[in-house]
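The primary structure of each chain is shown beneath.
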2 protein chains.
Amino acid sequence: MQDDDLTASGLHPLLVARWSPTAFDPVHEVDPAQVELLVEAARWAPSAGNSQPWAFIVGRRGDDTHRGLVRHLARSSGRWAPSASVLVANLAHRYVEGTDWEYSEFALYDLGQAVAHMTVQAQSLGLFVRQFRAFDRDAVTADFDVPSHWEVTTMSAIGRVPADLHAPASPALTVPRERRALGDLLWPSAAPPRAV
Amino acid sequence: MQDDDLTASGLHPLLVARWSPTAFDPVHEVDPAQVELLVEAARWAPSAGNSQPWAFIVGRRGDDTHRGLVRHLARSSGRWAPSASVLVANLAHRYVEGTDWEYSEFALYDLGQAVAHMTVQAQSLGLFVRQFRAFDRDAVTADFDVPSHWEVTTMSAIGRVPADLHAPASPALTVPRERRALGDLLWPSAAPPRAV
């Protein structure tokens, strides 16, 4: 299935429309109630044994947290991420405090889920999300007093996309979304669903 | 925010309605086109560098794959998961083949995202998902010829919920959804969004 065919596929519109821009409207502001909804979406994600191994450092453009996160972007992400209305550092609860025992075998898996739920909520608010790792993890950890049993795993840039960049219709979308073929995702030794 | 207040919160209805049942309609069947959409939703999830570190073993109740997965459920999940219309084993691409190098630092995180996208798609089809780890990982790995650089991380049970169990309205929902307070998810040293 090609990207163009997705809209007709029956895939939910929020999933069809989702992509990860590297250009955000540098003026648009997300209001605090919407920011709260983004965190709320993550909050209600499922997790192993309801362990909820996540926390978020949330900055709105113009506040100290946003400035603090921008300071530690890598050169690559520093070119585009500061224009996002919201920057979020996504934290995983990796260890039981004071030990080297994993807090949960699924801490990263569940954080990924929570960020996905936040992304779906963002889409429903007309916002786009790009997750990235191009930042100084140690510096964010130090600046925000993140203890060693937590990990600043990824960051999300969240904001509105300039109108001329909207995917998937736009020819201005310079990075087409590509994925492995559907059949490649189904384990070869398992009967494919079509074959039943 | 309590569970009851979620519907009024502005949270997207698919996220509000989502929960993880342990009772499925044992007669309902998911048709193959819907199963394909579930995988398609996962397929279009984002991942670090578009690494797509996921694969799925998908069984529909009545087929050999479903039977093969049921055989390796733990005693706990064996009481409820077989009634799900679809069972999916969620696989993470952990290592570069033939090495002990991580394939991606974010393999588990991204698999979690892909499963979350599948869950959102399921919700939009009127289906519910419960993820679980209560199965014999080694046995699934062996039976489905999963090579050592892949990991059978979790399973998902997917199906329709008997009408009298629908959440969140139902008093029959025996396990209320509970989460840490919103404020607890915002890293203490970061300015909360409300305070800006």
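Since the structure is predicted, the reported quantities are computational estimates derived from the model, not experimental observations.

Considering the overall build of chain A
Logical step 1: When helices and strands are counted, chain A shows 7 helices and 4 strands.
Logical step 2: Ordered by position from the N terminus, the helices and strands of chain A form the series α-α-β-α-α-β-α-β-α-β-α.
Logical step 3: Across the 196 residues of chain A, 57% fall into the buried class.
Logical step 4: Of the contacts formed within chain A by residues at least 6 apart in sequence, a portion of 75% connects residues at least 24 apart.
Logical step 5: Accessible surface, chain A: about 8,000 Å² in total, of which carbon and sulfur atoms supply 52%.

Brief notes about the side chain of Ser-156 of chain B
All names here are of chain B.
Logical step 1: Along the chain, Ser-156 turns up in strand S4 (residues 150-159).
Logical step 2: Separated by 2.9 Å, the side chains of Ser-156 and Asn-90 make a polar contact.
Logical step 3: Discounting chain neighbours no more than four positions away, the residues touching Ser-156 are Val-86, Leu-87, Val-88, Asn-90, Val-115, Val-129, Arg-130, Gln-131 and Phe-132.

Digging into the pattern of salt bridges
Logical step 1: In the structure shown here, the tally under the stated rule is 14 salt bridges over all chains.
Logical step 2: Measuring nitrogen to oxygen at the nearest pair gives 3.0 Å for the salt bridge that ties Arg-137 of chain A to Glu-105 of chain B. Of the two residues, Arg-137 of chain A sits in helix H6 (residues 137-143) while Glu-105 of chain B sits in the loop between strand S2 (86-93) and helix H5 (107-124), which places them in two different chains.
Logical step 3: The exposure class assigned to Arg-137 of chain A is buried, which follows from its relative accessible area of 16%.
Logical step 4: A residue is classified by how much of its surface remains accessible, and Glu-105 of chain B, at 37% relative accessible area, is partly exposed.
Logical step 5: Taking the shortest distance from any N to any O, the salt bridge between Arg-43 of chain B and Glu-40 of chain B comes out at 2.8 Å. With Arg-43 of chain B and Glu-40 of chain B both in helix H2 (residues 32-43), this residue pair falls 3 residues apart, about one helical turn. Taken as a pair, Arg-43 of chain B and Glu-40 of chain B share a single burial class, namely buried.
Logical step 6: Salt bridges sharing common partners tie together Arg-94, Arg-133, Arg-137 and Glu-151 of chain A together with Glu-105 of chain B.

Examining H2 of chain B
Logical step 1: Counted at 1.5 Å a residue, the expected span for H2 of chain B with its 12 residues is 16 Å, and the 16 Å between its end C-alpha atoms agrees.
Logical step 2: Every buried residue of H2 of chain B is accounted for by Val-35, Leu-37, Leu-38, Val-39, Glu-40, Ala-41, Ala-42 and Arg-43 of chain B.
Logical step 3: At its buried positions, H2 of chain B is contacted by helix H1 (13-17) and helix H7 (182-185) of chain A together with strand S1 (54-60), S2, H5 and S4 of chain B.
Logical step 4: Capping the start of H2 of chain B is the job of one residue whose side-chain oxygen sits 3.0 Å from the backbone nitrogen of Ala-33 of chain B: Asp-31 of chain B.

A closer look at the sheet that holds S1 of chain B
Residues and elements named next belong to chain B.
Logical step 1: Strands sit in the order S1-S2-S4-S3 across an open sheet of 4 strands; the sheet is antiparallel. In this open sheet, the two edge strands, each paired with only one partner strand, are S1 and strand S3 (128-132). On average, adjacent strands in this sheet sit at an angle of 25° to one another, irrespective of strand direction.
Logical step 2: Both S3 and S4 contribute to a ladder of 5 bridges, which runs antiparallel. When the bridges of S4 are listed, Phe-132 appears paired with Met-155.
Logical step 3: Packed onto the sheet, H5 meets S1, S2, S3 and S4 and runs at close to 155° relative to S2.

A short note on the interface of chain A and chain B
Logical step 1: The interface is formed by 72 residues belonging to chain A together with 73 residues belonging to chain B.
Logical step 2: Across the chain A/chain B interface, buried area totals approximately 7,000 Å², and carbon plus sulfur atoms make up 62% of it.
Logical step 3: Ranking the residues of chain A by area buried against chain B places Trp-44, Tyr-109 and Trp-187 of chain A at the top, with a combined share of 13%.
Logical step 4: Where chain A meets chain B, there are 4 salt bridges.
Logical step 5: Across the chain A-chain B interface, the total number found is 33 residue pairs in polar contact (both at pLDDT 80 or more).
Logical step 6: A per-element tally of the side of chain A that touches chain B places helix H5 (residues 107-124) of chain A first, with 11 residues.

A short note on the packing of aromatic side chains
Pairs of aromatic rings are described using the distance from one ring centre to the other and the angle between the two planes.
Logical step 1: Under the defined criterion, the tally for this structure stands at 10 aromatic pairs over all chains.
Logical step 2: Between Trp-19 of chain B and Phe-128 of chain B, the aromatic rings sit 6.1 Å apart at their centres with planes inclined by 65°, giving edge-to-face as the arrangement. With a gap of 109 residues between them, Trp-19 of chain B in the loop between helix H1 (13-17) and H2 and Phe-128 of chain B in strand S3 connect regions that are remote in the sequence. The pair formed by Trp-19 of chain B and Phe-128 of chain B is uniform in burial state, with each residue classed as buried.
Logical step 3: Linked through ring pairs, Phe-24, Trp-80, Phe-132 and Phe-135 of chain A together constitute an aromatic cluster.
Logical step 4: The residue whose ring lies beneath Arg-130 of chain A is Trp-80 of chain A, and the NZ or CZ to ring-centre distance is 5.7 Å.

Observations regarding a nonpolar patch on the surface
Logical step 1: A cluster of nonpolar side chains, namely Val-96, Trp-101 and Tyr-103 of chain A, defines an oily patch on the protein surface of about 300 Å² accessible area.
Logical step 2: Of note, Val-96 of chain A is situated in the loop between strand S2 (86-93) and H5.

What counts, and where the lines are drawn
- Residues numbered from 1 in each chain as written.
- Chains lettered and ligands numbered in written order.
- Predicted model: local features only at pLDDT ≥ 70, side-chain atom pairs only at ≥ 80, totals over all residues.
- Heavy atoms only, no water.
- Helix = DSSP H or I, 4+ residues; strand = E, 2+ residues; numbered from the N terminus.
- Buried < 20%, exposed > 50% of the residue type's maximum accessible area, 1.4 Å probe, protein only.
- Contact = heavy atoms within 4.5 Å.
- Areas by Shrake-Rupley, 256 points an atom, 1.4 Å probe, with all protein chains shown as cover.
- Polar contact = N/O pair within 3.5 Å; in protein donor to acceptor, adjacent residues only side chain to side chain.
- Salt bridge = Lys/Arg side-chain N within 4 Å of Asp/Glu carboxyl O.
- Expected span 1.5 Å × (residues − 1).
- Pairing = 2+ DSSP bridges.
- Axes fitted to C-alpha atoms, helices over the stretch in contact; angles between N-to-C directions.
- Buried area = accessible area lost by both parts, 1.4 Å probe.
- Phe/Tyr/Trp six-rings, centres within 6.5 Å; stacked < 30°, edge-to-face > 60°.
- Lys NZ or Arg CZ within 6 Å of the ring centre and 35° of its normal.
- Patch = residues over 30% accessible without salt bridge, like charges linked within 9 Å, V, L, I, M, F, W, Y side chains within 5 Å.

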